[in-house]
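Listed below, chain by chain, are the residues.
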Amino acid sequence: MKIRIFALSTFLLALLITACNRKKEQPKTLGSAATEVSYLGQAPPGTTAEVFAPGIISTENFEFAITFSPQMDEMFFTRRKPEADNEIFHIKLEEGKWSAPELAFFTPEVGWDFEPHLNPKGDILYFGSLRPLPDSTNSSRLHQWMSKKTPSGWSQPVPLDPPFRDRFVMYLTASGKGNLYFTSRDEGAEPGQGGIYTSINKDGEYDEVKRMGSEINFEGGQWIAHPFIAPDESYIIFDAESESGYGDNDLYISFNQNGQWTRAINMGPEINTEKTEMCASVSPDGKYLFFHRGRYIEGEEESGDIMWIDFQSVKKTLGKKAITQ
């Protein structure tokens, strides 16, 4: 009887030790796997911006405007090779491994595509294109196109209907409500005098385009463009050129406080430099800010990478500086 009790106690002790070891190991294993799967195995950045996925996403080419599916199993971004047109590349997580970046399936034979954006639900992909409209064979001016995700994959893209087809629209992003925010300009305005505009989703219809207020389109700002709207519309990030900035285009943020936008805040030297910072987006989990940083010297080859930084820390700091008009 004593032998049986001793054997049972030994067996239970072994189970307890095994369970404790598993509990100790599990968080490390899951954390490591989550990082690898979500961000291509890249070590997460801190409060200093770093190049994202060097050699994979950011290369010797010119990369900008990255967007992610809410499940973090797809990425789209823009790449421009030397003396070539913009192209949208696609990378996908399959069986636990990321594919190599490839041209998106919808790459046109005529014209070019750039600046993709996945809506928060992940079922609509917007992008800008100079491809021919359906009733033409010639390359058109810039229009916004969209592709819908179906059970069998992404649909063939179609151009957005009016009021978006009737005006200049660039870098269109969507909130969780389907409200759209984008770069545009009024008729007759010079390119640098454009700004951030919005159109409200009314049961799937968009019938009006409005220029946002002076909190966003601030006095003294030039080339105000490339808005990223938070899924809950609690903040908006965009880029602009200003004499009070750090160099060329800087990133700015405005917070929505009780339905009123705060004055745009320069996102500071942790993000902005003497170079150009533009085309912001935030990861679906809200943890990281992604943006382009590059240098442009007339007569020389363009260069630039996609950067990322801990956004939660940056947002907390800047939120304390936010002041409504």
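Provided above is the structure to which this section pertains.
Residues numbered from 1 in each chain as written. Predicted model: local features only at pLDDT ≥ 70, side-chain atom pairs only at ≥ 80, totals over all residues. Heavy atoms only, no water.

1. Concerning the pairing of strand 16 (residues 222–229)
Among the 8 residues that make up strand 16, 6 are buried, leaving the element largely enclosed by the rest of the structure. Relative to strand 17 (residues 235–241), strand 16 is paired through 4 bridges, and the arrangement is antiparallel. Paired with Gln222 across the two strands is Glu241, which belongs to strand 17. The turn joining strand 16 and strand 17, which pair antiparallel and follow one another in sequence, is formed by 5 residues; a positive phi near 60 degrees is taken by Glu233. (Buried < 20%, exposed > 50% of the residue type's maximum accessible area, 1.4 Å probe, protein only. Helix = DSSP H or I, 4+ residues; strand = E, 2+ residues; numbered from the N terminus. Pairing = 2+ DSSP bridges.)

2. Overview of the pattern of salt bridges
Here the structure, examined in full by the defined rule, presents 8 salt bridges. Here Arg131 and Asp113 are joined by a salt bridge, their closest N and O atoms 2.7 Å apart. Of the two residues, Arg131 is situated in the loop between strand 8 (124–129) and strand 9 (143–150) and Asp113 in strand 7 (residues 113–118); the sequence distance between them amounts to 18 residues. Each of the two residues, Arg131 as well as Asp113, counts as buried. (Salt bridge = Lys/Arg side-chain N within 4 Å of Asp/Glu carboxyl O.)

3. Considering the environment of Phe164
By the secondary structure assignment, Phe164 is in the loop between strand 11 (158–159) and strand 12 (170–174). For Phe164, a relative accessible area of 5% translates into the label buried. A C-alpha to C-alpha distance of 7.4 Å links Phe164 and Gln144, two positions 20 residues apart in sequence.

4. Remarks on the environment of Phe52
Inspection of the secondary structure puts Phe52 in the loop between strand 1 (50–51) and strand 2 (62–68). Overall, the relative accessible area of 0% leaves Phe52 in the buried class. Each C-alpha atom of the pair Phe52 and Tyr39 lies 8.9 Å from the other, and the pair is 13 residues apart in sequence.

5. Topic: the packing of aromatic side chains
The tally for this structure, following the rule as stated, stands at 19 aromatic pairs. On the basis of an interplanar angle of 25 degrees and a centroid distance of 5.5 Å, the ring pair of Phe290 and Trp308 is categorised as stacked. Residue Phe290 is located in strand 22 (residues 288–295), and its partner Trp308 is located in strand 23 (residues 303–310); the two are separated by 18 residues in the primary sequence. Comparing Phe290 with Trp308 shows no difference in burial state: the two are buried. Of the aromatic side chains, those joined through ring pairs into one cluster are Tyr39, Phe52, Phe68, Tyr288, Phe290 and Trp308. (Phe/Tyr/Trp six-rings, centres within 6.5 Å; stacked < 30°, edge-to-face > 60°.)

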